[in-house]
Amino acid sequence: VRNEQKVQKKYDYVLIVRDDTNWLQEFDLGRLVAFNQNADAYMLSCDARNPPMMPQELNDHAVLIKREKADVMGRYLSSLISANLEDCHSSVHSVLGELRGCNSEMILRWIVENNNITVQDVPQSLMPMQRMVRVQKDGSTIECFHKFCQSHEKPLMTPVSVQECKELLEQISDPER
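Because the structure is a prediction, the values reported are computed rather than measured.

1. Digging into the overall build of the protein
Consideration 1: If you tally the helices and strands in the protein, you get seven helices and eight strands.
Consideration 2: Its C-alpha atoms give the protein principal-axis dimensions of about 55 × 45 × 30 Å.
Consideration 3: For the protein, with 177 residues in total, the buried portion stands at 38%.
Consideration 4: The long-range share in the protein, meaning contacts at least 24 apart out of those at least 6 apart in sequence, stands at 70%.
Consideration 5: Counting 20 positive and 26 negative side-chain charges, the protein places the centres of these two groups 6 Å from one another.

Here you go:
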């Protein structure tokens, strides 16, 4: 916002990513927006994720959103803490039962829908990133993918030298593997 005030011009889009994001290829904003110019927001589909996402969830790893709708995402974190989420919880009772409520990805969908934001799920190759962490193994630091996201359509080619963290942890806990 400060930079917008300084240059006296608002941005067209805001990109919000998790702090553990690692970009694996160049990001092409024009190519992403061209995928569906009528969308207010673009989020990774993660439709090849294991386990699969539920229909009530939206992936929150990365969000490109039109500037005029970005305040909703800016309030997302505080909404997790302060909003009355009974409507969200009620909306998933038929799927999860009475004892469970919404997870953060369900709350995101609920907030987006209640703010009339049109979301376009996009393939991983249009937002070429993965969430990664560093793990100590045999005295070395190794990067691995956690919360691995992939799409069936136009998947992202990931480096073969980087494993999913769950595979790496299985190797560490069972060295004979």
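Text resumes after the structure shown.
2. Notes on the nonpolar core
Consideration 1: If you look at the biggest cluster of nonpolar residues, it comprises 21 residues, and the most contacted ones within it are Met43, Ile65, Ile107 and Leu108.
Consideration 2: Sort the elements by how many residues they give to this core and helix H6 (residues 104-114) lands first, with six residues.
Consideration 3: Contacts of Met43, omitting those with residues within four sequence positions, involve Leu58, Asn59, Ala62, Val63, Leu108, Val112, Val119, Gln120, Asp121 and Val122.
Consideration 4: Counting 14 residues, the second-largest nonpolar core is a separate cluster that includes Leu32, Leu44, Ala62 and Leu126.

3. Some points on the sheet that holds strand E8 (residues 163-164)
Consideration 1: Taken together, the four strands give an open sheet; going across it, the order is E2-E6-E7-E8, and neighbouring strands pair in mixed fashion. Each edge of the sheet is formed by a strand with only one pairing partner; in this case those strands are strand E2 (21-23) and E8.
Consideration 2: Relative to strand E6 (residues 129-137), E2 runs antiparallel, the two sharing three bridges. Its bridge partner being in E6, Thr21 is matched across the sheet by Arg131.

4. Comments concerning H6
Consideration 1: Buried residues of H6: Glu105, Met106, Ile107, Leu108, Trp110, Ile111 and Val112, and no others.
Consideration 2: Measuring from the side-chain oxygen of the N-cap residue of H6 to the backbone nitrogen of Glu105 gives 3.0 Å; that N-cap residue is Asn103.
Consideration 3: Asn116 occupies a position one or two residues after H6 and carries a positive phi of about 50°.

5. Quick look at unusual backbone geometry
Consideration 1: With an omega of 5°, the peptide bond running from Asn50 to Pro51 counts as cis.
Consideration 2: One can find Pro51 in the loop between strand E3 (41-44) and strand E4 (62-66).
Consideration 3: For Gln8, which is not a glycine, the phi torsion comes out positive at approximately 55°.
Consideration 4: Tracing the chain through its elements places Gln8 in the loop between helix H1 (2-7) and strand E1 (13-17).

6. Re the confidence of the model for the protein
Consideration 1: Looking at the protein, pLDDT values average 87 and 94% of them are 70 or higher.
Consideration 2: Averaged pLDDT values for the elements of the protein fall to 70 in helix H4 (residues 76-82) and rise to 97 in helix H2 (residues 29-34).

7. Topic: the sheet that holds E1
Consideration 1: Reading across from one edge, E1-E4-E3-E5 is the order of the four strands in this open sheet, with mixed pairing throughout. Here the strands that pair on one side only, and so sit at the sheet edges, are E1 and strand E5 (119-122). When strand polarity is set aside, the average angle formed by the axes of neighbouring strands in this sheet is 20°.
Consideration 2: Note: E3 against E4, three bridges, orientation antiparallel. When the bridges of E4 are listed, Met43 appears paired with Val63.

8. Some details on the environment of Tyr76
Consideration 1: Counting through the fold element by element, Tyr76 comes out in helix H4.
Consideration 2: In sequence terms Tyr76 and Asn116 are 40 residues apart; their C-alpha atoms lie 14 Å from each other.
Consideration 3: Once you skip the residues sitting within four places of it in the chain, Tyr76 turns out to touch Asp60, Ser104, Ile107, Leu108 and Ile111.

Thresholds applied
Residues numbered from 1 in each chain as written. Predicted model: local features only at pLDDT ≥ 70, side-chain atom pairs only at ≥ 80, totals over all residues. Heavy atoms only, no water. Helix = DSSP H or I, 4+ residues; strand = E, 2+ residues; numbered from the N terminus. Buried < 20%, exposed > 50% of the residue type's maximum accessible area, 1.4 Å probe, protein only. Contact = heavy atoms within 4.5 Å. Lys, Arg positive; Asp, Glu negative; His and termini not counted. Charge placed at Lys NZ, Arg CZ, Asp CG, Glu CD. Core = buried A, V, L, I, M, F, W, Y, C linked by side-chain atoms within 4.5 Å. Pairing = 2+ DSSP bridges. Polar contact = N/O pair within 3.5 Å; in protein donor to acceptor, adjacent residues only side chain to side chain. pLDDT = per-residue confidence, 0-100. Axes fitted to C-alpha atoms, helices over the stretch in contact; angles between N-to-C directions.

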